[in-house]
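A closer look at the structure
For reference, the chains in residue letters:
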Amino acid sequence: MQQIMKQAQKMQQQVAQAQAELAEAELTGTAGGGLVTAVITGLGEFKSVKIDPKVVDADDIETLEDLVLAAIHNAAEAQRELAEQKMGPATGGFNLPGF
């Protein structure tokens, strides 16, 4: 029983360290060859969206919307991959909700 408690404490410390690393990480997703960028933290909080003025066309809002959405998806995928990379070893392969 004591061994299990030690393992649980170690796992808890690893998870806390992984969460701290994720909170500090910033990942960037892009679309349209860099015309639109989205920045997200390793915990999934979006920090910014930048749009190059060249892509802004009042007659073609749909393209801009698609580029913004693609950049956000790209950043979110990078965040998911980083979370799996950081949390996987800390959780011993257990799938924790939210990570």
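The preceding data block contains the structure.
One structure accompanies this document, and this report is about it. (Residues numbered from 1 in each chain as written. Predicted model: local features only at pLDDT ≥ 70, side-chain atom pairs only at ≥ 80, totals over all residues. Heavy atoms only, no water.)

**Let's talk about the overall build of the protein**
Within the protein, the secondary structure is distributed over two helices and three strands. Scanning the protein from its N terminus toward the C terminus, one meets helices and strands in the order α-β-β-β-α. In the protein, which comprises 99 residues, the proportion classed as buried is 26%. For the protein, restricting intrachain contacts to residue pairs at least 6 apart in sequence, the fraction spanning at least 24 positions comes to 51%. Within the structure as shown, the protein displays about 6,800 Å² of accessible surface, and the carbon and sulfur contribution to it stands at 53%. (Helix = DSSP H or I, 4+ residues; strand = E, 2+ residues; numbered from the N terminus. Buried < 20%, exposed > 50% of the residue type's maximum accessible area, 1.4 Å probe, protein only. Contact = heavy atoms within 4.5 Å. Areas by Shrake-Rupley, 256 points an atom, 1.4 Å probe, with all protein chains shown as cover.)

**Here's the deal with the pattern of salt bridges**
Under the criterion given, the structure shown has three salt bridges. Where Glu-21 meets Lys-86, a salt bridge forms, and the shortest distance between an N and an O atom there is 2.9 Å. You can see Glu-21 sitting in helix 1 (residues 2-24) and its partner Lys-86 sitting in helix 2 (residues 61-91), a full 65 residues away along the chain. The exposure class of Glu-21 is partly exposed, given its relative accessible area of 31%. Lys-86 gets classed as partly exposed once you look at its relative accessible area, which sits at 29%. Glu-77 is paired through a salt bridge with Arg-80; the nearest N and O atoms lie 2.9 Å apart. With Glu-77 and Arg-80 both in helix 2 and three residues apart, this pair spans about one turn of that helix. (Salt bridge = Lys/Arg side-chain N within 4 Å of Asp/Glu carboxyl O.)

**Focus: the nonpolar core**
If you look at the biggest cluster of nonpolar residues, it comprises 17 residues, and the most contacted ones within it are Leu-22, Val-36, Val-55, Leu-67, Ala-71, Leu-82 and Met-87. Among the elements of the structure, helix 1, strand 1 (26-31), strand 2 (36-41) and helix 2 are those that each provide at least two residues to this core. Ranked by the residues each element gives to this core, the list is headed by helix 2, at seven residues. Residues contacting Leu-82, with those up to four places away along its chain left out, are Leu-22, Ala-25, Leu-27 and Gly-42. (Core = buried A, V, L, I, M, F, W, Y, C linked by side-chain atoms within 4.5 Å.)

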